[in-house]
Amino acid sequence: EVQLVESGGGLVQPGGSLRLSCAVSGFTFDGYDIGWFRQAPGKEREGVACMRPSDRSTYYADSVKGRFTISSDRFKNTYLQMNRLRPEDTAVYYCAVVARHGSAWFHSGYLREELYNYWGQGTQVTVSS
């Protein structure tokens, strides 16, 4: 079965950094794309970053652009480096994978959660003094 296992969340002060990891296993697809999402208390889940590993194309939400970096490795794992964290970044963070057929156009719409097939369990990130 497809599994996504996250780690790296925690409590940090404003201005600090965290690196989230997501170990992805158990699938073989023609192609796939990766996303990171977050959900803050009282808010809907929102896309943070996404990547097409085959060509390293990426898209970011405006709120994190320049501070967060999504990446992946040859073993299908995905990472989210978060720098200059702000209190409003406090949320449960999820990694997700979408399987696809052929070479579909990759665009900023891949920040939409409804496109993704598989999800991690979520990890809490709290930014507070």
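Our structure's up above, just so we're on the same page.
Procedures and definitions
- Residues numbered from 1 in each chain as written.
- Predicted model: local features only at pLDDT ≥ 70, side-chain atom pairs only at ≥ 80, totals over all residues.
- Heavy atoms only, no water.
- Salt bridge = Lys/Arg side-chain N within 4 Å of Asp/Glu carboxyl O.
- Buried < 20%, exposed > 50% of the residue type's maximum accessible area, 1.4 Å probe, protein only.
- Helix = DSSP H or I, 4+ residues; strand = E, 2+ residues; numbered from the N terminus.
- Contact = heavy atoms within 4.5 Å.
- Phe/Tyr/Trp six-rings, centres within 6.5 Å; stacked < 30°, edge-to-face > 60°.
- Lys NZ or Arg CZ within 6 Å of the ring centre and 35° of its normal.
- Pairing = 2+ DSSP bridges.
- Core = buried A, V, L, I, M, F, W, Y, C linked by side-chain atoms within 4.5 Å.

Colleague: I tried to follow the pattern of salt bridges on my own but got confused; where do I start?
Modeller: Proximity of charged atoms lets side chains of opposite charge pair with each other. Evaluated as defined, the whole model comprises seven salt bridges. Residue Arg 38 pairs with Glu 46 through a salt bridge whose shortest N-O separation is 2.9 Å. Judged by its relative accessible area of 6%, Arg 38 falls in the buried class. When the shortest N-O distance is used, the salt bridge between Arg 45 and Glu 113 registers 2.6 Å. Residue Arg 45 is located in the loop between strand 4 (31-39) and strand 5 (46-52), and its partner Glu 113 is located in the loop between strand 9 (91-100) and strand 10 (118-119); the two are separated by 68 residues in the primary sequence.

Colleague: Looking at this structure, how should I read the environment of Gly 122?
Modeller: With respect to the helices and strands, Gly 122 occurs in the loop between strand 10 and strand 11 (123-127). Sequence separation between Gly 122 and Tyr 94 is 28 residues, and the spatial gap between their C-alpha atoms is 4.5 Å. The contacts of Gly 122, once residues within four sequence positions are left out, are Glu 6, Val 92, Tyr 93 and Tyr 94.

Colleague: Is there a simple way to think about the packing of aromatic side chains in this case?
Modeller: For any pair of aromatic rings, the description rests on two quantities: the centre-to-centre distance and the angle between the ring planes. Within the structure shown, the criterion is met by six aromatic pairs. Ring centres 6.4 Å apart and planes at 80° place the aromatic pair Tyr 94 and Trp 119 in the edge-to-face group. Of this pair, Tyr 94 sits in strand 9 while Trp 119 sits in strand 10; the two residues are 25 residues apart in sequence, bridging distant segments of the chain. Site record: aromatic cluster; members linked through ring pairs are Phe 37, Tyr 94, Tyr 116 and Trp 119. Directly above the aromatic system of Tyr 94 lies the positively charged group of Arg 45, at a separation of 4.9 Å from the ring centroid. The residue whose ring lies beneath Arg 52 is Tyr 110, and the NZ or CZ to ring-centre distance is 5.9 Å.

Colleague: Looking at this model, I keep getting lost on the environment of Ser 25. Mind explaining?
Modeller: If you trace the backbone, Ser 25 turns up in strand 3 (residues 18-25). Placed 50 residues apart in sequence, Ser 25 and Phe 75 show a C-alpha to C-alpha distance of 8.3 Å. In contact with Ser 25, other than residues within four places in its own chain, are Glu 1, Val 2 and Gln 3.

Colleague: Please clarify how the pairing of strand 7 (residues 68-72) should be interpreted in this entry.
Modeller: Where a strand is regular, its side chains alternate between the two sheet faces. Side chains Phe 68, Ile 70 and Ser 72 of strand 7 all project onto a buried face; the interleaved residues Thr 69 and Ser 71 project onto a face where none is buried. Across five bridges, strand 7 lies against strand 8 (residues 78-82) in antiparallel orientation. Within the sheet, the bridge partner assigned to Thr 69 lies in strand 8 and is Gln 81. Counted between consecutive antiparallel strands, the loop separating strand 7 from strand 8 contains five residues, among which Lys 76 sits at a positive phi close to 75°.

Colleague: Even after reading the chapter, I still don't get unusual backbone geometry, so can you show me in this structure?
Modeller: Residues apart from glycine generally show negative phi values, whereas peptide bonds are mostly found in trans. Here Arg 56, not a glycine, exhibits a phi torsion of approximately 65°, which is positive. Tracing the sequence through the fold places Arg 56 in the loop between strand 5 and strand 6 (57-60). The phi dihedral of Arg 84 is positive, around 50°, even though this residue is not glycine. Its relative accessible area of 48% is what places Arg 84 among the partly exposed residues.

Colleague: Is there a simple way to think about the nonpolar core in this case?
Modeller: The tendency in soluble globular proteins is for nonpolar side chains to be buried as a group. One finds Phe 68, Ile 70, Leu 80, Met 82 and Tyr 93 to be the most contacted residues of the largest nonpolar core, which totals 29 residues. For this core, the secondary-structure elements that each account for two or more residues are strand 3, strand 4, strand 5, strand 7, strand 8, strand 9 and strand 11. Not counting residues within four places of it along the chain, the set of residues in contact with Leu 80 comprises Leu 18, Arg 19, Leu 20, Trp 36, Val 48, Ala 49, Phe 68, Thr 69, Ile 70 and Tyr 93. Within the second largest apolar cluster, eight residues are counted, among which are Phe 37, Cys 50, Phe 106 and Leu 111.

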